[in-house]
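Survey of secondary and tertiary structure
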Amino acid sequence: MLDNITLGQYLPGNSFLHRMDPRAKILLTVVMIVAVFTANTWIGYAGLFLFIGGTALLSRINLKFIIKGVKPIFYIILLTFFINLFFNSGETVLVEWGVVRITKEGLVNATFMALRLLLLVFCTQLLTLTTSPIALTDGLERLLKPLSKIGFPSHELAMMMSIALRFIPTLMEETDKIMKAQMARGADFESGNLINRAKAMLPLLVPLFVSAFRRADELAMAMEARCYRGGDNRTRMKVLKFTKVDAIAAAAVLAMTAFAIIF
Amino acid sequence: MSIEIRNLIHTYMAGGPFERTAIEDVSLTIEDGEFVGLIGHTGSGKSTLIMHLNGLIKPTSGSILVDGLDLMDKKTSLKDVRKKVGLVFQYPEYQLFEETILKDVMFGPKNLGLSDQEAEERARHALRQVGLADESMYEKSPFELSGGQKRRVAIAGVLAMKPTTLILDEPTAGLDPRGREEILSLIKRYHEEEKVTLIMVSHSMTDVSRLCSRILVMDHSRLVMNGTPDEVFMNGDRLMQAGLALPPCAELAERLRGAGFDIPADAYRPGELKQAILRSLGRGKSHA
């Protein structure tokens, strides 16, 4: 059951998207998100869909993975769609049935909203599927660096993020193991009402917390043993460098954004 | 209680880019009351195999019969299966969670639907069986115990369910020599007293050779050897290939045989090997 989570999973590869500088990817993803939310016409969305679809094809990632990432938030998209559909004060009424009143503007708005969320997920999926968590936090750290002048702990934040990301699979594995061990002792995680189910989680959560704390302690000890002292004057094995690929991608994204805003 | 596995195949994440076969076409039968050792290097598929035996994971294909219960049949109640087959995972102490030792051991029996009183009786009995006879500690938190004690409490948690088949995954991993000795002797005693079918997963040839009447060897997802210890130890090359080593005594016996001494194949335990060497030396002397 824990195998199904693709959100935030990295798939190694060697496409141009994989080779891009993580900083460029993060910034361009933000720009794309702005474009996705400012677009307001069918042509704009068609263009964005083609652009993101094309990028996905170029990344040579199996499209199944990108689509699978939508699954966890599918109901949120559906909910947003219906809320926008029903609570919209448009002029042209399409259907009126009791309190339910669907207008043309409402339908268009709701569709745009759903498309936005969908494109948002696709964009961020492309980022996380083609960027290793380490590169991602590295990029983020560099981008936030200027803020450290006003006391923002950019290195610490990035370190915390990469540690957290690093331990997600470990904790999932651990959860799976403890779950199986308790199931072997007859524990039942799947049936019963809400209260019983919450109670049934106890034999899972207590050992999980105990081991998470133990791990954190061990990791802190190991880091200190290697004289870890935060980010000052640290050099990197992989120095981030903007290349021609990043410039081309930036030009393309900016053109796309301009297109989405103008149309 | 017998276990019958036919053409078991298990593939993780079938169809995806991370597809990996963990068990490939394994068939085997384990008879009532047997003490079987399952060995193989890390990642050979032994842990995956034992998780099938009480329905924690489902085979991709193949069939498993546990005491006549068909695990592939959707109508088979997994609770019944888990009542019969007790599984002690690797590092079982990580599954402790209750406030007191006694309550933790009672968790399994209570899940089987026993009354508090009955569960407590079983828990006390199981704790005595694993050598924790001091009743004053039963009300302590399991997290206060030493590593070896925690492990024994965790094992008691499974014993208290009174399984007719007990499976232990590396029960001595990470313990010091004394802790190993204690765990192994309690397993041996339990097998003799309760007449259960016992399957012990291990890396250690020595542990397995001391206790088991039959050894199963897994290598690269396949069952490559299945026989009595002397049959398996006679085939040292194949074991090496599987990333395993002979137990020291069996290796010594083999080298002595290679040097022309007359050592029988079943002399792979310290006691028997000693006798065999003495006999062989005695005969040597009489010839001289």
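What you see is a predicted model; the values in this text were computed from it and never measured. (Residues numbered from 1 in each chain as written. Chains lettered and ligands numbered in written order. Predicted model: local features only at pLDDT ≥ 70, side-chain atom pairs only at ≥ 80, totals over all residues. Heavy atoms only, no water.)

A word on the packing of helix α2 (residues 22-38) of chain A against helix α6 (residues 104-130) of chain A
All names here are of chain A. As a reminder of what qualifies: All axes are obtained by fitting lines to C-alpha atoms, using only the stretch in contact for helices, and the reported angles, taken between N-to-C directions, cover 0 to 180 degrees. A helix here means a DSSP run of H or I that spans at least four residues, while a strand means a run of E at least two residues long, and both kinds are numbered starting from the N terminus. Note on angle classes: values under 35 degrees are labelled roughly parallel, values over 145 roughly antiparallel, values of 65 to 115 roughly perpendicular, and the remainder oblique. The contact criterion used is simple: two residues touch if any of their non-hydrogen atoms lie within 4.5 Å. All amino acids are sorted into three groups, where Ala, Val, Leu, Ile, Met, Phe, Trp, Tyr, Cys and Pro are nonpolar, Asp, Glu, Lys and Arg are charged, and the leftover types, Gly among them, are polar.
Running from N to C, α2 and α6 point in directions that differ by 170°, and their axes come no closer than 9 Å. With respect to each other, α2 and α6 are oriented roughly antiparallel. Within the contact between the two elements, α2 uses Lys25, Ile26, Thr29, Met32, Ile33, Val36 and Phe37 and α6 uses Arg116, Leu119, Leu120, Cys123, Thr124, Leu127 and Thr130. Of the residues in the contact of α2 with α6, the class split is nine nonpolar, three polar and two charged.

Quick notes on the pattern of salt bridges
All names here are of chain B. Where we set the bar: Any carboxyl oxygen of Asp or Glu within 4 Å of a side-chain nitrogen of Lys or Arg constitutes a salt bridge here. When accessible area is computed with a 1.4 Å probe and restricted to protein chains, residues below 20% of their type maximum are described as buried, those above 50% as exposed, and intermediate ones as partly exposed.
Evaluation of the coordinates by the stated rule reveals 23 salt bridges over all chains. Glutamate 34 is the salt-bridge partner of arginine 214, the closest N and O atoms lying 2.7 Å from each other. Taken together, the residues arginine 214 in strand β9 (residues 214-219) and glutamate 34 in the loop between β2 (20-30) and β3 (35-39) connect sequence positions 180 residues apart. Look at glutamate 34 and you get buried, because its relative accessible area is 15%. Here the salt bridges do not stand alone but share partners, grouping Glu120, Arg124, Arg128 and Glu135 into one network.

Looking at the side chain of histidine 155 of chain A
Residue and element names in this part refer to chain A. The test is simple: Counting of polar contacts relies on pairs of N or O atoms within 3.5 Å, with two restrictions inside protein: one atom must be capable of donating a hydrogen and the other of accepting it, and residues adjacent in sequence are counted only when both atoms are side-chain atoms.
Here histidine 155 shows up in helix α8 (residues 154-184). A distance of 2.9 Å separates the side chain of histidine 155 from the side chain of glutamate 141, its partner in a polar contact. Once residues within four sequence positions are removed from consideration, histidine 155 is found in contact with Glu141, Tyr228, Gly230, Gly231 and Arg234.

Overview of the interface of chain A and chain B
Using the following cut-off: Buried area adds together the accessible area that both of two parts lose upon being put together, with accessible area traced by a 1.4 Å probe.
Listed per partner, the contact involves 19 residues of chain A and 23 residues of chain B. Interface area for chain A against chain B, summed over the two sides, is near 1800 Å², with a carbon-plus-sulfur share of 67%. The largest per-residue losses of area from chain A upon contact with chain B belong to Lys180, Ala184 and Arg185 of chain A, which jointly make up 38% of the total buried on that side. Inspection of the region where chain A meets chain B yields one salt bridge. Run the count over chain A and chain B and you get three residue pairs in polar contact (both at pLDDT 80 or more). Mapped by element, the contributors of at least two residues to the side of chain A that touches chain B are α8 and α10 (202-225) of chain A. Class assignment for the residues of the side of chain A that touches chain B results in 12 nonpolar, three polar and four charged.

Things to note about the sheet that holds strand β1 (residues 3-12) of chain B
Residues and elements named next belong to chain B. Inclusion rule: Between any two strands, at least two bridges found by DSSP are needed for them to pair.
Taken together, the four strands give an open sheet; going across it, the order is β2-β1-β4-β5, and neighbouring strands pair in antiparallel fashion. Looking at which strands have only one partner, the edges of the open sheet turn out to be β2 and β5 (69-70). In terms of strand pairing, strand β4 (residues 61-66) meets β5 through two bridges, oriented antiparallel. From the neighbouring strand, leucine 65 faces β5, where its bridge partner is aspartate 70.

Regarding the nonpolar core
To keep it simple, the criterion reads: Take the buried Ala, Val, Leu, Ile, Met, Phe, Trp, Tyr and Cys residues and link them wherever side-chain atoms come within 4.5 Å; each set so joined is a nonpolar core.
Ranked by internal contacts, the top residues of the largest apolar core, which has 50 residues, are Val105, Leu127, Val153, Leu166, Val217, Phe233 and Leu239 of chain B. Of all the elements, helix α5 (residues 147-159) of chain B adds the most residues to this core, at six residues. Met183 of chain A together with Leu56, Val66 and Ile167 of chain B belong to the second largest nonpolar core, which has 40 residues in total.

A few points about unusual backbone geometry
Here cysteine 227 of chain A, not a glycine, exhibits a phi torsion of approximately 60°, which is positive. The residue cysteine 227 of chain A is located in the loop between α10 and α11 (244-262) in this model. Looking at cysteine 227 of chain A, the relative accessible area reads 61%, which means it is exposed. Within the chain, asparagine 7 of chain B stands out as a residue other than glycine whose phi angle is a positive 45°. Relative accessible area serves as the criterion here: at 41%, asparagine 7 of chain B is assigned to the partly exposed category.

A word on the confidence of the model for chain B
Under the convention used in this document: In predicted models, pLDDT denotes the confidence assigned by the predictor to each residue on a 0 to 100 scale.
For chain B, mean pLDDT is 89; residues scoring 70 or higher make up 97% of the total. Across the predicted assembly, pTM comes out at 0.74 and ipTM at 0.85.

A short note on α2 of chain A
All names here are of chain A. Spelled out, the test is: Here, expected helix span is obtained from the residue count minus one, scaled by 1.5 Å.
Taking 1.5 Å per residue, 17 residues should reach 24 Å; α2 reaches 24 Å between its end C-alpha atoms and fits that length. Looking only at α2, the buried set comprises Pro22, Arg23, Ala24, Lys25, Ile26, Leu28, Thr29, Met32, Ala35 and Val36. Residues of α2 that are buried sit in contact with α1 (16-19), α3 (42-58), α6, α7 (133-144) and α11. The N-cap of α2, judged by a side-chain oxygen 2.7 Å from the amide nitrogen of arginine 23 a few residues on, is aspartate 21.

A few points about the pairing of strand β7 (residues 165-169) of chain B
Two faces belong to every sheet, and in a regular strand the side chains alternate between them. Residues and elements named next belong to chain B. We apply this condition: When the strands point away from the viewer, a crossover counts as right-handed if the route from the first strand across the helix to the second turns clockwise.
Burial runs high along β7: five of the five residues are buried. Both faces of β7 are covered, namely the face carrying Thr165, Ile167 and Asp169 and the face carrying Leu166 and Leu168. Relative to β7, strand β6 (residues 85-88) runs parallel, the two being bridged by four bridges. Counted as the bridge partner of glycine 86 is leucine 166 from β7. Relative to strand β8 (residues 197-202), β7 runs parallel, the two being bridged by five bridges. In the strand pairing of β8, isoleucine 167 is matched with isoleucine 199. Read from β7 through helix α6 (residues 177-194) to β8, the crossover connection turns out right-handed.

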